[in-house]
Amino acid sequence: MSVRHTLLAATVVSIAAFALAPASAQTLRYANQGELKSLDPYTLNESTTHAHLAHVYESLCTRDKDLKLVPGLAES
């Protein structure tokens, strides 16, 4: 067998092993001093809600270290 076939076979076996492996659930603990009232981005306009939603939703544009607008999800 050539090196190419060997690498292809190893890749296929690795993908199959990861696909068949059982998923393990883990607990995520998160602490914040404010109260989260909603995860709906259009419900409330308050800083605590915006802080939580920033960890869940990624915006089309964001700001760099100089606070200039740069693409986030947008390509340009």
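Residues numbered from 1 in each chain as written. Predicted model: local features only at pLDDT ≥ 70, side-chain atom pairs only at ≥ 80, totals over all residues. Heavy atoms only, no water.

As for the overall build of the protein chain
- Looking only at helices and strands, one finds two helices and two strands in the protein chain.
- Start at the N end of the protein chain and walk to the C end: the helices and strands fall as α-α-β-β.
- In terms of C-alpha radius of gyration, the protein chain reaches 21 Å, well past the compact-globule figure of 11 Å for 76 residues.
- When the 76 residues of the protein chain are sorted by exposure, 7% land in the buried category.
- Once local pairs closer than 6 in sequence are excluded, the contacts in the protein chain between residues at least 24 apart make up 3%.
- For the protein chain, the exposed area adds up to about 7300 Å²; of that, 59% sits on carbon and sulfur atoms.
- Taking the average location of the 6 positive side-chain charges in the protein chain and that of its 7 negative ones, the two points are 8 Å from each other. (Helix = DSSP H or I, 4+ residues; strand = E, 2+ residues; numbered from the N terminus. Rg over C-alpha atoms; globule rule 2.2 N^0.38 Å. Buried < 20%, exposed > 50% of the residue type's maximum accessible area, 1.4 Å probe, protein only. Contact = heavy atoms within 4.5 Å. Areas by Shrake-Rupley, 256 points an atom, 1.4 Å probe, with all protein chains shown as cover. Lys, Arg positive; Asp, Glu negative; His and termini not counted. Charge placed at Lys NZ, Arg CZ, Asp CG, Glu CD.)

Looking at a nonpolar patch on the surface
- A cluster of nonpolar side chains, namely L36, L39, V56 and Y57, defines an oily patch on the protein surface of about 380 Å² accessible area.
- Locating L39 in the fold gives a position in the loop between helix 1 (3-20) and helix 2 (47-54). (Patch = residues over 30% accessible without salt bridge, like charges linked within 9 Å, V, L, I, M, F, W, Y side chains within 5 Å. Salt bridge = Lys/Arg side-chain N within 4 Å of Asp/Glu carboxyl O.)

None of this, on its own, says anything about what the molecule does.
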